[in-house]
Amino acid sequence: MITPRSWLPTPVLSILLLIVWLLLVRSYAFGQFVLGGTLAIVIPLLTYRFWDARPRIKKPFKLLRYGLRVLGDIVTANFEVAYLISNPWRTLKPHFIEYPLILEERFTITLLASTISLTPGTVSANLRMDGKSLLIHALNVDDEEALIEQIRERYERPLKEIYEC
């Protein structure tokens, strides 16, 4: 007997693929539903073996809180960067920082790097080959240690609690 899990390994991805297909062809004809549905089933079946294992979320409510914190930080940082750029008499102090990681999983390190890059004024530039530190460029740094501690407390520790504990 064929179980639903064996022929539909990622139902959310399949639905998303069907929606994207219908938007790309700009048609809701029956034939497009059939073709899009076939692709939405076949593509995940052919590719799911190459994906990393999905991370287990240990604390989903902390993930929601983390997402809201990141969203708030993005909005706040947009205003700060706009203020810094719009004041020509203010001199910026751009700086590269070697950020030591406490995270160990590739997925959580990727989330941290993406979070840093999403926040205006900071960009994740490089991950060392050993995965022990992240090179970050910041637009305006007064205190390097304060920035490292801020990233650790606001982003890295919550990610460790959510995914790695």
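Worth saying up front: this structure is predicted, and the values here are computed from it rather than measured. (Residues numbered from 1 in each chain as written. Predicted model: local features only at pLDDT ≥ 70, side-chain atom pairs only at ≥ 80, totals over all residues. Heavy atoms only, no water.)

Some points on the packing of aromatic side chains
Evaluation of the coordinates by the stated rule reveals 2 aromatic pairs. A ring pair is formed by Y66 and Y155, whose centres lie 6.3 Å apart and whose planes are at 90°; its orientation type is edge-to-face. On the criterion of sequence distance, the pair formed by Y66 in helix α4 (residues 60-86) and Y155 in helix α6 (residues 144-164) is long-range, its members being 89 residues apart. Given a relative accessible area of 8%, Y66 falls into the buried group. For Y155, a relative accessible area of 7% translates into the label buried. Judged by centre distance (5.3 Å) and plane angle (75°), the rings of F107 and Y163 are edge-to-face. On the criterion of sequence distance, the pair formed by F107 in helix α5 (residues 106-118) and Y163 in helix α6 is long-range, its members being 56 residues apart. Of the residues examined, F107 reaches a relative accessible area of 38% and is grouped as partly exposed. (Phe/Tyr/Trp six-rings, centres within 6.5 Å; stacked < 30°, edge-to-face > 60°. Helix = DSSP H or I, 4+ residues; strand = E, 2+ residues; numbered from the N terminus. Buried < 20%, exposed > 50% of the residue type's maximum accessible area, 1.4 Å probe, protein only.)

With respect to the pattern of salt bridges
In the structure shown here, the tally under the stated rule is 8 salt bridges. Note that E156 is salt-bridged to R152, the shortest N-O span being 2.8 Å. One end of the pair, E156, and the other, R152, are both in helix α6, 4 residues apart, so they sit about a helical turn from each other. Like R152, E156 is buried. Between E153 and R157 there is a salt bridge, with the nearest N and O atoms lying 2.0 Å from each other. (Salt bridge = Lys/Arg side-chain N within 4 Å of Asp/Glu carboxyl O.)

Focus on unusual backbone geometry
Even without being a glycine, R26 presents a positive backbone phi close to 50°. Along the chain, the position of R26 falls in the loop between α2 (11-25) and α3 (30-47).

Examining the nonpolar core
Ranked by size, the top nonpolar core spans 22 residues in total, and within it Y99, L112, L134 and I151 carry the most contacts. Within the residue set of this core, elements represented by two or more residues are α4, β1 (95-100), α5, β3 (133-138) and α6. Counting residues per element, this core draws most heavily on α6, at 7 residues. The residues contacting L112, other than those within four sequence positions of it, are Y99, L101, L103, I151, Y155, E156 and L159. (Core = buried A, V, L, I, M, F, W, Y, C linked by side-chain atoms within 4.5 Å. Contact = heavy atoms within 4.5 Å.)

Here we look at the UniProt feature "transmembrane region" (unreviewed entry) in the protein chain
Feature annotation in UniProt places "transmembrane region" (unreviewed entry) on residues 7-24 and 30-51, given in this structure's numbering. Taken as a whole, residues 7-24 contains 83% helix and 0% strand, while its terminal C-alpha atoms sit 24 Å from one another. As annotated, residues 30-51 has a helix share of 82% and a strand share of 0%, and its two end C-alpha atoms lie 31 Å apart. (UniProt positions renumbered as here; feature names shortened; annotations may be inferred.)

What about the side chain of T122?
Mapped onto the elements, T122 comes out in strand β2 (residues 122-127). Taking relative accessible area as the criterion, T122 reaches 14% and is therefore assigned buried. There is a polar contact of 3.1 Å between the side chain of T122 and the backbone oxygen of T119. Excluding residues within four positions of it along the chain, T122 makes contact with I116, S117, I136, H137 and A138. (Polar contact = N/O pair within 3.5 Å; in protein donor to acceptor, adjacent residues only side chain to side chain.)

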